[in-house]
Amino acid sequence: MRKYQEEIIKTLQVKPRIDPQEEVQRRVKFMHDFLQKTGMKVLVLGISGGQDSTLAGRLAQLTIEQLRKETNDDAYKFIAVRLPYGEQADESDAMAAINDFIKPDRVMRVNIKPATDAMVDSLTVAGSQISDFNKGNIKARERMIVQYAIAGQFGGAVVGTDHAAEAVTGFYTKFGDGGADITPLAGLDKRQGKQLLKLLGAPAKLYDKTPTADLEEDKPMRPDEEALGVRYEEIDDYLEGRDVSSTAADKIEGWYTRTQHKRHLPIAPLDTWWK
Ligand SMILES: NC(=O)c1ccc[n+]([C@@H]2O[C@H](COP(=O)([O-])OP(=O)(O)OC[C@H]3O[C@@H](n4cnc5c(N)ncnc54)[C@H](O)[C@@H]3O)[C@@H](O)[C@H]2O)c1
Ligand SMILES: Nc1ncnc2c1ncn2[C@@H]1O[C@H](COP(=O)(O)O)[C@@H](O)[C@H]1O
Ligand SMILES: O=P(O)(O)OP(=O)(O)O
Ligand SMILES: [Mg+2]
């Protein structure tokens, strides 16, 4: 194994193989203990229709149901949030995830298009033209704003869907979908997340789906793998300590190094990690 690979695996705490049942229990226990310790009773998460929010959403709902049963306190709730930018191409997948699998206590829907477009217009008037790519990051941050607004109102915590295969490439918007209070999928790679979904009985179309951030209007539903230039199969192999082609390993390590800043708090004068 490459030396950097070993270091990355250790930092991101990825296991070469998992017991899916044990991982489900461990992650539910984590959210359970977090809520008990903080006294918060509500979890909030955007559900896109993709694999990661389907898994994190179901784990959140299971956590809340367990706490309600243990405490007889109906204040424990999971709020699933639909956050389309106008019409969403895979809206039916998002609703299937919610209705057929996650079964959340409550669903809220906020269209992020008016706020996003208003922000882009204001920036243009101020003299800063916004590229389609940069607008994509504004969409991700609008979703963060909505989730924190709901969490603030209901005394809840925002659940993030970041996991090891996204963390290693920094493939998320800083303070957008990267902004959350708890990340129950941390340490899992993409295929391990799939194993948990299978165990939990998710519809196959949701875990067999091509992962997409779907943030760019110029390239709708653009697969993550196309933007990254490396396949999740290769990323997962790398994270599980297997040999991958040197082209793939170089690509992954390049992303990891370039996105180091996303995995730290803002850089302060006495910090040295970035030097
Ligand atoms: N799959 C997903 O969830 C998802 C979602 C959105 C975006 N994406 C992808 O993730 C990426 C997000 O775009 P991005 O990374 O260009 O935007 P970003 O906003 O996440 O990060 C860029 C910003 O980070 C800061 N920054 C850059 N280099 C830095 C450094 N060395 N030290 C400290 N701060 C630094 C700057 O403020 C810069 O504007 C893209 O690859 C996009 O396609 C993926
Ligand atoms: N359209 C969406 N509705 C609700 N929540 C969404 C939507 N798109 C993204 N999200 C949230 O952001 C994360 C990250 O998504 P990526 O596909 O990894 O970019 C996702 O898990 C949802 O929680
Ligand atoms: O974060 P999600 O739920 O949108 O999953 P994916 O990254 O597979 O699109
Ligand atoms: Mg997605």
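Residues numbered from 1 in each chain as written. Chains lettered and ligands numbered in written order. Predicted model: local features only at pLDDT ≥ 70, side-chain atom pairs only at ≥ 80, totals over all residues. Heavy atoms only, no water.

An unreviewed UniProt entry annotates the chain as NH(3)-dependent NAD(+) synthetase of Limosilactobacillus walteri. We quote the UniProt Function (unreviewed entry) comment for the chain here in full: "Catalyzes the ATP-dependent amidation of deamido-NAD to form NAD. Uses ammonia as a nitrogen source." (UniProt positions renumbered as here; feature names shortened; annotations may be inferred.)

This part takes up the packing of helix α3 (residues 51-71) against helix α4 (residues 91-102). Two packed helices can be described by the angle between their axes and the distance between those axes. For the pair α3 and α4, interaxial distance at closest approach is 10 Å and the crossing angle is 35°. In the crossing of α3 with α4, the sense of the turn from one axis to the other is right-handed. Contacts between α3 and α4 involve Ser53, Thr54, Gly57, Arg58 and Gln61 on the former and, on the latter, Ala97, Phe101 and Ile102. Split by residue class, the contact of α3 with α4 holds three nonpolar, four polar and one charged. (Axes fitted to C-alpha atoms, helices over the stretch in contact; angles between N-to-C directions. Helix = DSSP H or I, 4+ residues; strand = E, 2+ residues; numbered from the N terminus. Left-handed = near helix turned anticlockwise from the far one by under 90°. Contact = heavy atoms within 4.5 Å. Nonpolar A, V, L, I, M, F, W, Y, C, P; charged D, E, K, R; others polar.)

For helix α1 (residues 3-12), every residue scored as buried is listed here: Gln5, Ile8, Ile9 and Leu12. Buried residues of α1, seen end-on, are gathered within an arc of 100° and therefore sit on one face of the element. Exposed side of α1, more than 90 degrees from the buried face: Lys3 and Lys10 are the residues found there. On the buried face of α1, the contacting elements are α7 (164-167), α11 (232-239) and α12 (246-258). Two residues or fewer past α1, Gln13 is found with a positive phi of approximately 55°. (Buried < 20%, exposed > 50% of the residue type's maximum accessible area, 1.4 Å probe, protein only. Arc of directions from axis to C-beta.)

It is worth spelling out the pattern of salt bridges at this point. In this structure the tally under the stated criterion is 27 salt bridges. One salt bridge in this structure joins Asp52 and Lys190, with 2.9 Å as the shortest N-O distance. Of the two residues, Asp52 is situated in helix α3 and Lys190 in helix α8 (residues 190-199); the sequence distance between them amounts to 138 residues. A residue is classified by how much of its surface remains accessible, and Lys190, at 5% relative accessible area, is buried. For Lys205, the salt bridge identified is with Asp93, shortest N-O distance 4.0 Å. Of the two residues, Lys205 sits in helix α9 (residues 204-207) while Asp93 sits in helix α4, which places them 112 residues apart along the sequence. (Salt bridge = Lys/Arg side-chain N within 4 Å of Asp/Glu carboxyl O.)

Taken together, 13 residues lie near ligand 1, and Arg141, Lys174, Asp177, Leu215 and Lys262 sit nearest. Residue Asp177 places a side-chain N or O atom 2.8 Å away from an oxygen atom belonging to ligand 1. A distance of 2.8 Å is found between an oxygen atom of ligand 1 and a side-chain nitrogen or oxygen belonging to Lys262. Expressed as a share of its isolated accessible area of 850 Å², the protein-covered part of ligand 1 is 61%. Counting residues per element, the shell around ligand 1 draws most heavily on helix α6 (residues 132-154), which supplies three residues. (Near = heavy atom within 4 Å. Polar contact = N/O pair within 3.5 Å; in protein donor to acceptor, adjacent residues only side chain to side chain. Areas by Shrake-Rupley, 256 points an atom, 1.4 Å probe, with all protein chains shown as cover.)

Moving on, we get to α6. The terminal C-alpha atoms of α6 lie 33 Å apart, and with 23 residues this matches the ideal 33 Å at 1.5 Å per residue to within 8%. Gly155 lies just past α6 and shows a positive phi near 65°. (Expected span 1.5 Å × (residues − 1).)

Both strand β2 (residues 77-82) and strand β3 (residues 106-109) contribute to a ladder of four bridges, which runs parallel. What sits directly across from Ile79, in β3, is Arg106. Read from β2 through α4 to β3, the crossover connection turns out right-handed. (Pairing = 2+ DSSP bridges. Right-handed = clockwise from strand over helix to strand, strands pointing away.)

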